Amino acid sequence: MKNRFLALAVMTLVGTPAFAEGPPNPTDLRRVTKARESLVPAVEKAFGPKARFVQLFGQGREMLAGVVAEIPVEPLGTDDLPLLAIVRYAEDTGAVRVVAPEFKYREARIVGQDVALLDGAGTLRLRDANGQERLLAEQVGGDLFPTAKGDALVATLKTGVPGPHETAVGIIDLNGRVKVLADGPGVDATPSISPDGRTVVFVSGRTSVASFFVTTVEGAEAKQLTNVGLENWMLFGGPPKEFVPPPVSSHHMEWLSEDVLRYNAGGGAFWKLNVRTGHAEADVGGAK
């Protein structure tokens, strides 16, 4: 769930499309190529020749990118994450500017007119256009996803239970109030909130197979959407055809409507999920 750095899967198209049912969507390929053309030289100029951008945070014309000082010689462990500097990338113009030059962040997201910055200790701060910061929350695990109105974000929360695989899903408003929405045994993570601000989908390992669940901003009892009836032993030797892969991260989810979520499953494979019915299918796109 947390192995985002090793995957680099979303924007650099590194890795094997284990669950792809066809080639990557051509539109996504063009967006990746365009982003790299702008970000690679800008990052080298700002941070030096060894620096690399390894993650894009968000969707739309304005996104944030995470930058490492250099790629580690030895692979990081599954639950290890690199410390990042943050830059802002405008997709329509290709402009890149440094937001946070220190390598101390795990994630960042644009929230309305502000930027939410999560540091390595799990402290979430909000920075305004004047560079002023204020504390929003602590014990935040990551997976930041802002509401369409920019008045809150959903996130993975640390629960205080020993071990890296005990997390919850919650919503954090801009006054710093935190509300837990889902907290089952094991991992509850990778949340996303619908455009109307009512529905929250997330990934849980509570059934032993990483699956999508759905709840509400009121914290209604979570309902399983995908991989119903599957158990982890059924994936040995390869997943069955009805298996729906989980997303790489919440940073590459986009809502096509109030009901349909599009997400990256790794290796260039994108999927669409109807959060009302649980129907999911690979989105290979067209040649436009």
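Notes on the structure follow. (Residues numbered from 1 in each chain as written. Predicted model: local features only at pLDDT ≥ 70, side-chain atom pairs only at ≥ 80, totals over all residues. Heavy atoms only, no water.)

Let's talk about the layout of surface pockets
Here is step 1: Looking at the second largest pocket, its volume works out to about 420 Å³.
Here is step 2: Lining of the second largest pocket is provided by 20 residues; of these, Gln59, Arg109, Pro146, Thr147 and Ala148 occupy positions nearest its centre.
Here is step 3: Where the lining of the second largest pocket is concerned, the elements lending two or more residues are strand S4 (96–111), strand S8 (140–146) and strand S16 (253–255). (1 Å grid on protein atoms, 1.4 Å probe; cavity = no way out; pocket = protein on both sides within 12 Å on 5 of 7 lines; lining within 4 Å. Points joined across faces, edges and corners; volume = space filled by probe spheres on them. Helix = DSSP H or I, 4+ residues; strand = E, 2+ residues; numbered from the N terminus.)

Considerations on the nonpolar core
Soluble globular proteins tend to pack their nonpolar side chains together in the buried interior.
Here is step 1: Within the largest apolar cluster, 28 residues are counted, with the highest numbers of intra-cluster contacts made by Phe212 and Tyr263.
Here is step 2: A total of 4 residues in this core trace back to one element, the largest contributor, which is strand S13 (residues 199–204).
Here is step 3: In terms of nonpolar packing, the next biggest core, distinct from the first, is built from 14 residues, Leu126, Leu136, Ala137 and Ile172 among them. (Core = buried A, V, L, I, M, F, W, Y, C linked by side-chain atoms within 4.5 Å. Buried < 20%, exposed > 50% of the residue type's maximum accessible area, 1.4 Å probe, protein only.)

Focus on the environment of Arg206
Here is step 1: Tracing the sequence through the fold places Arg206 in the loop between S13 and strand S14 (211–216).
Here is step 2: Accessibility expressed as a relative area gives 29% for Arg206, which makes it partly exposed.
Here is step 3: Apart from residues lying up to four places away in sequence, Arg206 is in contact with Ala182, Asp183, Gly184, Pro185, Val187, Asp188, Phe213 and Ala222.
Here is step 4: Separated by 2.9 Å, the side chains of Arg206 and Asp188 make a polar contact.
Here is step 5: At a separation of 2.9 Å, a polar atom in the side chain of Arg206 contacts the side chain of Ser204. (Contact = heavy atoms within 4.5 Å. Polar contact = N/O pair within 3.5 Å; in protein donor to acceptor, adjacent residues only side chain to side chain.)

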